[in-house]
Amino acid sequence: MVTPQAIENRLATLSKEIDDAHDFLEKAEHNYHRSKTEYEIAIARSRLSYGSEKMRVQDVNDHALLDCATQYKALNEAEAIVKAARANATRIRTQVDIARSIGTSVRASLEI
């Protein structure tokens, strides 16, 4: 049987999970923006290094991307981590909403 105390305990646990998820998301966002900055600077340098050669714009972009493959991969990994962290935070918030709804139902049934 679900009791108000069990719901309160679950909400307290979820509160801690929200704090942890927020901290993780904050670090992931920081890492993402750092990776994005590193990639953008590296790609700009690489594109400029091909400025004296006669190449099509797309060829310059392709060479620059290959030159910056490591930074590009790091950027995409950081973005995926941020997306997963945001999804996790949303999942926890949904669980909080569900626990609150159940709590309301339990309290209402106890009053009957």
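Residues numbered from 1 in each chain as written. Predicted model: local features only at pLDDT ≥ 70, side-chain atom pairs only at ≥ 80, totals over all residues. Heavy atoms only, no water.

A. How the structure looks around helix H3 (residues 69-111). The end-to-end C-alpha distance of H3 is 63 Å, a good match for the 63 Å that 43 residues give at a rise of 1.5 Å each. Every buried residue of H3 is accounted for by Leu75, Ala78, Val82, Ala85, Ala89, Ile92, Val96, Ala99, Gly103 and Val106. (Helix = DSSP H or I, 4+ residues; strand = E, 2+ residues; numbered from the N terminus. Expected span 1.5 Å × (residues − 1). Buried < 20%, exposed > 50% of the residue type's maximum accessible area, 1.4 Å probe, protein only.)

B. Molecular detail of the side chain of serine 35. Of note, serine 35 is situated in helix H1 (residues 4-49). For serine 35, the contacting residues outside a window of four places in its chain are Ala74, Leu75 and Ala78. (Contact = heavy atoms within 4.5 Å.)

C. Geometry of the packing of H1 against helix H2 (residues 57-67). It is at 9 Å that the axes of H1 and H2 come closest, and there the two elements cross at 130°. With respect to their mutual orientation, H1 and H2 come out oblique. The chirality of how H1 crosses H2 is right-handed. Note on element contacts: H2 touches H1 through Val60, Asn61, His63, Ala64, Leu65 and Asp67, opposite Tyr39, Ile43, Ser46 and Arg47. Looking at the contact of H1 with H2 residue by residue, the class counts come to five nonpolar, three polar and two charged. (Axes fitted to C-alpha atoms, helices over the stretch in contact; angles between N-to-C directions. Parallel < 35°, antiparallel > 145°, perpendicular 65-115°, else oblique. Left-handed = near helix turned anticlockwise from the far one by under 90°. Nonpolar A, V, L, I, M, F, W, Y, C, P; charged D, E, K, R; others polar.)

D. Structural context of the pattern of salt bridges. In the structure shown here, the tally under the stated rule is six salt bridges. Between glutamate 38 and arginine 34 there is a salt bridge whose closest N-O contact spans 3.4 Å. Taken together, the residues span about one helical turn, with glutamate 38 and arginine 34 both in helix H1 at a distance of four residues. Exposure remark for glutamate 38: the relative accessible area of 42% places this residue in the partly exposed category. Of the residues examined, arginine 34 reaches a relative accessible area of 40% and is grouped as partly exposed. Its salt-bridge partner being glutamate 79, residue lysine 83 comes within 3.6 Å of it at the nearest N-O pair. Taken together, the residues lysine 83 and glutamate 79, both in helix H3 and four residues apart, mark about one turn of the helix. We classify lysine 83 as exposed; its relative accessible area is 52%. (Salt bridge = Lys/Arg side-chain N within 4 Å of Asp/Glu carboxyl O.)

E. Inspection of the nonpolar core at higher detail. Membership of the largest hydrophobic core is limited to 12 residues, which are Leu25, Ala28, Tyr32, Tyr39, Ala42, Ile43, Ala64, Cys68, Leu75, Ala78, Val82 and Ala85. Among the elements that make up this core, the one with the highest residue count is H1 (six residues). Setting aside residues no more than four positions away along its own chain, alanine 42 makes contact with Cys68 and Gln71. Among the nonpolar cores identified, the runner-up in size contains five residues, and Leu14, Ile92, Val96 and Ala99 belong to it. (Core = buried A, V, L, I, M, F, W, Y, C linked by side-chain atoms within 4.5 Å.)

F. Representation of the environment of leucine 11. Take leucine 11: it is sitting in helix H1. Residue leucine 11 is classed as partly exposed on the basis of its relative accessible area of 26%. Here the alpha-carbon distance between leucine 11 and aspartate 97, two residues 86 residues apart in the chain, equals 9.5 Å. Setting aside anything within four residues of it in sequence, one finds leucine 11 in contact with Val96, Ala99 and Arg100.

Interpretation note: all reported values are geometric properties and have no functional meaning in isolation.
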